[in-house]
Amino acid sequence: MDENLAENELRAALADNDPAAVELLWNHYASDLFAFLQVVLCSRHDAEDVLQTVFVRIARKRHRLAGARNLDAYVYQIARNEAFRLISRRKKEQTAGVESESWLMVAESHPKPSDLAEQLQAALARLPQPQREVIVMKVYKQKTFLDISRLLGLPVNTVASRYRYGIEKLRTLLGDFIS
Amino acid sequence: MNGKDAQNKKVEDLLRGAHLSEPSPQLQERITVEAKKVWNEVPQELPWLIPVGRLVASAAAAVLVVWLANYSSDRTLAQWSSGAVHAASQQPTDIEALSEMPYSPFVMRLVLLDHRSSAIDASVLIDHAETLRRILEEAPQGESAKPPAPAGGRSRLIPDRQSANSYS
């Protein structure tokens, strides 16, 4: 219900061309998008840059957002496009992101937090992009398969199978930590 | 299968043991300021402008396609135009030489008509046909044009009784 209220408030601000919509957009999307971008790009710095690009793009094309039927899907699509643009630019320029950058944190209570964080980062980075997207939304943002399918514009079964394959691959990659 | 599921559960728990950092207040400040700046700088596009723009683009594309089709058609059919046919069908005709021929006035009129109607045109063809019809009507219908009538009104191919008796 709160989600609907927030979305209605955001739609009203967009329709009124009110700059306060930027704050509403931030409150509504920033946390989820930042997590999504960190895992997709495997870099906190790149995620920050792309998040800024996403918000600037939304501000520039706000009339389209105001007319979008599914705000969440529209915003996520912009984020995905910007992330892929950065990845393809990196590939063309053959430049890597900041190496050994830590974007995943493990609680200090764990026996070897830095080791685990490093292993998890490495394992997630080796997953195919689509599987990583689904895992971050499901595990770190507690979204249901239905929510994810709506956000990514995919069938629910596809989302579920991507998640299952991703987890199975992680099981193989993280064998030492599981056993 | 159960062991596999249990291991998958362990992987999920392991992932949940880690967390991703939240955007910092500095990042929020930086991004919202930048986005608001763009918001104020860029005027909002009028919503009706988008379909109108698409309509104009579609119309322009349609005009271009029609123009290209016409241009292509004109180029292809250029060799079949009336001028080319006239040049191809024009043959040197020495009209004076025709005066030596029998029926020379008639042939000369036909040749002259042929020269005038070299352009392919329905009205010209109709005129041509009309003229030909008139010429044929006006043509002298003398006795030489008709086969001679048989003597006594009967065919010469059927022998009469008298001549038939003379053979016997």
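Here is a short report on the structure shown in this document. (Residues numbered from 1 in each chain as written. Chains lettered and ligands numbered in written order. Predicted model: local features only at pLDDT ≥ 70, side-chain atom pairs only at ≥ 80, totals over all residues. Heavy atoms only, no water.)

What to know about the nonpolar core
Soluble globular proteins: nonpolar side chains tend toward being buried together. A:L37, A:L51, A:I135, A:L170 and B:L15 are the most contacted members of the largest nonpolar core, which has 67 residues in total. With near-sequence residues (within four places) excluded, A:L51 lies in contact with A:W26, A:A30, A:L33, A:F34, A:L37, B:L27 and B:I31. (Core = buried A, V, L, I, M, F, W, Y, C linked by side-chain atoms within 4.5 Å. Buried < 20%, exposed > 50% of the residue type's maximum accessible area, 1.4 Å probe, protein only. Contact = heavy atoms within 4.5 Å.)

Thoughts on the interface of chain A and chain B
Contacts between the two partners involve 47 residues from chain A and, on the opposite side, 32 residues from chain B. Each partner contributes to the roughly 4,000 Å² buried at the junction of chain A and chain B, and carbon and sulfur atoms together form 65% of this total. On the surface where chain A and chain B come into contact, there are three salt bridges. Between B:K36 and A:E23 there is a salt bridge; the shortest N-O distance is 3.0 Å. Linking chain A with chain B are twelve residue pairs in polar contact (both at pLDDT 80 or more), by the criterion used here. A total of ten residues in the side of chain A that touches chain B trace back to one element, the largest contributor, which is helix 2 (residues 21-41) of chain A. When its residues are assigned to classes, the side of chain A that touches chain B shows 31 nonpolar, five polar and eleven charged. Pairing analysis gives three bridges linking strand 1 (residues 104-106) of chain A to strand 1 (residues 18-20) of chain B, with the strands arranged antiparallel. Opposite A:V106, over in strand 1 of chain B, you have B:A18 as the bridge partner. (Buried area = accessible area lost by both parts, 1.4 Å probe. Salt bridge = Lys/Arg side-chain N within 4 Å of Asp/Glu carboxyl O. Polar contact = N/O pair within 3.5 Å; in protein donor to acceptor, adjacent residues only side chain to side chain. Helix = DSSP H or I, 4+ residues; strand = E, 2+ residues; numbered from the N terminus. Nonpolar A, V, L, I, M, F, W, Y, C, P; charged D, E, K, R; others polar. Pairing = 2+ DSSP bridges.)

Thoughts on the environment of A:N70
Residues and elements named next belong to chain A. Position of N70 relative to the elements: it lies in the loop between helix 4 (62-67) and helix 5 (71-93). Distance from N70 to L151, taken between C-alpha atoms, is 8.5 Å for residues 81 residues apart in sequence. In this structure N70 touches R11 and R150, once residues within four positions along its chain are discounted. Engagement of the side chain of N70 in a polar contact is seen with the backbone nitrogen of D72, the distance being 3.3 Å. Reaching out from N70, the side chain makes a polar contact with the backbone nitrogen of A73 at a distance of 3.3 Å.

Things to note about the packing of aromatic side chains
All names here are of chain A. For the coordinates displayed, the defined rule picks out four aromatic pairs over all chains. With centroids separated by 5.4 Å and ring planes inclined at 50°, the aromatic side chains of W26 and F55 adopt a geometry described as tilted. Here W26 is found in helix 2, whereas its partner F55 is found in helix 3 (residues 44-60), with 29 residues between them in sequence. Residue classification places F55 among the buried positions, given a relative accessible area of 2%. The ring of F145 carries the charged tip of K138 above its face, separated from the ring centre by 5.0 Å. Taking NZ or CZ as reference, R164 lies 5.3 Å from the ring centre of Y165, over its face. (Phe/Tyr/Trp six-rings, centres within 6.5 Å; stacked < 30°, edge-to-face > 60°. Lys NZ or Arg CZ within 6 Å of the ring centre and 35° of its normal.)

This is a description of form; function is not addressed.
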